[in-house]
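One letter stands for each residue in the lines below.
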Amino acid sequence: TNADIARIYVYGSYGDTDVFSNVEVNKGGTGWTYENPVAWTANNYKFAAYATANTSSKLTSNISYDKASGSLTFSNYVPTNANDLVAAVTSVNNTGLANETVNLTFKHLLAKVQFAFTNSADNDTYKMEISDIKFSVLPQGDCVFNGTPAWNAEGSATEMTIAGGAGIAKAAVWTSEDQIVVPNQDLATVKAAFTVTFKDASDNIVYTKGYENASLSLDGAGSQWQ
């Protein structure tokens, strides 16, 4: 929600005229404000905006705005777990000089991956431990956003690591921390590795096994992260 966003960056245009070009807009007690206010004119406007986190950083060389379509392009974008990426586009018909508020509905542009492990309900004695979780994904991508994100993942496969968990009891489900990644990656090329260890009540290891190149699946239809 916008409670998590302190500032956004806005593009705006009508025809071939730029009104805003990556202008910082800050949230205040009485609404969203920016320096050097611009007067409305009697035109059809297009607006696009983005934010990267509560401490939103302004993008420069890897973002562009197309006045004709009103779309944003993010080039060679590399996500980090500290920063989500959200964006919005809209249009305003101001030919009647209504000068209404510009409403922006932001959408998440990145994918959030989480691993889940279940200790069997038949396991009456041993607690489970998961460690050394790794998976490889393409680390960056290009995205065109016109209301719906269209990603092209790029780069060489990069290994991601996620912290494991211990003391997983019978029939319990343990879920990992989130990892933010570029969407639209083919799961056929994404493999995971992890180690499973079982311990008795005295914390003695009774069984351990490492898994390499484990295939991944999605909840629901499709073979790609969206």
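An account of the accompanying structure is given in this report. In this text the structure is predicted, and so the values were computed from the model without any measurement. (Residues numbered from 1 in each chain as written. Predicted model: local features only at pLDDT ≥ 70, side-chain atom pairs only at ≥ 80, totals over all residues. Heavy atoms only, no water.)

Turning our eyes to something else, we now look at the layout of surface pockets. By volume, the largest pocket amounts to about 830 Å³. At the level of secondary structure, the elements contributing two or more residues to the lining of the largest pocket comprise β1 (7-14), β2 (17-28), β4 (44-51) and β8 (107-108). When the residues that make up the lining of the largest pocket are grouped by side-chain class, the tally is 20 nonpolar, seven polar and four charged. (1 Å grid on protein atoms, 1.4 Å probe; cavity = no way out; pocket = protein on both sides within 12 Å on 5 of 7 lines; lining within 4 Å. Points joined across faces, edges and corners; volume = space filled by probe spheres on them. Helix = DSSP H or I, 4+ residues; strand = E, 2+ residues; numbered from the N terminus. Nonpolar A, V, L, I, M, F, W, Y, C, P; charged D, E, K, R; others polar.)

Moving on, we come to the packing of aromatic side chains. Tallying each qualifying case throughout the model produces 16 aromatic pairs. Look at W40 and Y45: their rings are 4.8 Å apart centre to centre, the planes differ by 80°, and that puts the pair in the edge-to-face class. Take W40: its relative accessible area is 25%, and that puts it in the partly exposed class. We classify Y45 as buried; its relative accessible area is 3%. (Phe/Tyr/Trp six-rings, centres within 6.5 Å; stacked < 30°, edge-to-face > 60°. Buried < 20%, exposed > 50% of the residue type's maximum accessible area, 1.4 Å probe, protein only.)

Read from one edge to the other, the open sheet built from four strands follows the order β5-β6-β12-β13, with strand pairing classed as antiparallel. Each end of this open sheet is capped by a strand with a single partner; those strands are β5 (63-66) and β13 (149-154). Across the sheet, the mean angle separating the axes of adjacent strands is 15° when strand polarity is ignored. Here four bridges tie strand β6 (residues 71-77) to strand β12 (residues 140-145), and the two strands are oriented antiparallel to one another. Residue pairing in the sheet places F74 in a bridge with C143 of β12. (Pairing = 2+ DSSP bridges. Axes fitted to C-alpha atoms, helices over the stretch in contact; angles between N-to-C directions.)

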